[in-house]
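Secondary and tertiary structure notes
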Amino acid sequence: MARYVLHVESRPASPEVEDEFNRWYDEVHIPEVVALDGIVSAVRFTPTAPDGPYIAHYALEGDPEQAVKNLSAAAADGRLGMSDTLRTAPAPRMHILKVATEYRP
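Now for a look at the structure at hand. (Residues numbered from 1 in each chain as written. Predicted model: local features only at pLDDT ≥ 70, side-chain atom pairs only at ≥ 80, totals over all residues. Heavy atoms only, no water.)

**So, the sheet that holds strand S1 (residues 4-10)**
Strand order in this open sheet of four strands is S2-S3-S1-S4, and the pairing throughout is antiparallel. The sheet is open, and its two borders are formed by strand S2 (39-45) and strand S4 (93-98), each paired with just one other strand. Going from strand to strand, the sheet's axes swing by 20 degrees on average, the running direction of each strand aside. As judged from the six bridges shared by S1 and S4, these two strands associate in the antiparallel manner. Bridge pairing in S4 links Tyr 4 to Lys 98. Sitting on the sheet, helix H2 (residues 64-77) is in contact with S1, S2, strand S3 (54-60) and S4, with an inclination near 155 degrees to S4. (Pairing = 2+ DSSP bridges. Helix = DSSP H or I, 4+ residues; strand = E, 2+ residues; numbered from the N terminus. Axes fitted to C-alpha atoms, helices over the stretch in contact; angles between N-to-C directions. Contact = heavy atoms within 4.5 Å.)

**Examining the packing of aromatic side chains**
Two aromatic rings, taken as a pair, are described by how far apart their centres are and by the angle between their planes. The full count for this structure, using the stated rule, is four aromatic pairs. When the centroid spacing of 5.7 Å and the interplanar angle of 65 degrees are considered together, the rings of Phe 21 and Tyr 25 count as edge-to-face. Of this pair, Phe 21 and Tyr 25 both sit in helix H1 (residues 18-34), four residues apart, roughly one helical turn. Each member of the pair, Phe 21 as well as Tyr 25, carries the same accessibility label: buried. When the centroid spacing of 5.4 Å and the interplanar angle of 65 degrees are considered together, the rings of Phe 21 and Tyr 54 count as edge-to-face. Placement of Phe 21 in helix H1 and of Tyr 54 in strand S3 is noted, with a sequence separation of 33 residues between them. For Phe 21, a relative accessible area of 0% gives the class buried. Overall, Tyr 54 belongs to the buried group, its relative accessible area being 4%. Chaining the aromatic ring pairs together yields one cluster made of Phe 21, Trp 24, Tyr 25 and Tyr 54. Over the ring of Tyr 25 we find Arg 44, and its NZ or CZ is 4.3 Å from the ring centre. (Phe/Tyr/Trp six-rings, centres within 6.5 Å; stacked < 30°, edge-to-face > 60°. Buried < 20%, exposed > 50% of the residue type's maximum accessible area, 1.4 Å probe, protein only. Lys NZ or Arg CZ within 6 Å of the ring centre and 35° of its normal.)

**Digging into H2**
An α-helical turn contains 3.6 residues, so a residue and the one three or four places further along point in the same direction. Helix length check: H2, at 14 residues, gives a terminal C-alpha distance of 20 Å against a target of 20 Å (1.5 Å per residue), a fit within 8%. Buried within H2 are the following residues: Pro 64, Ala 67, Val 68, Asn 70, Leu 71 and Ala 74. With its buried residues spanning 155 degrees around the axis, H2 presents them on a single face. When the buried face of H2 is taken as reference, the exposed residues oriented beyond 90 degrees from it are Lys 69 and Ala 76. (Expected span 1.5 Å × (residues − 1). Arc of directions from axis to C-beta.)

Okay, structure coming up:
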């Protein structure tokens, strides 16, 4: 069975709100996203380079396109509490990735 990940690249609106952005993302956004149908867990990565993006990987179950539609619908109808600490121009980048190889010695 194929496994998929939703890869999301985002940034805080400014350096001054970075701590608040991280708090919102970890305490509000991730729990709301993982509560949606088709999204089962999340792992978040912090950039090590200046102005590098924050990365979130959401594990998807079932039809990955439907999971992203569920996410978009929740954002549109207000079920996701968006924050003004999230940079929206340019918008966060999202890609559905299919697991090709997993190696565990």
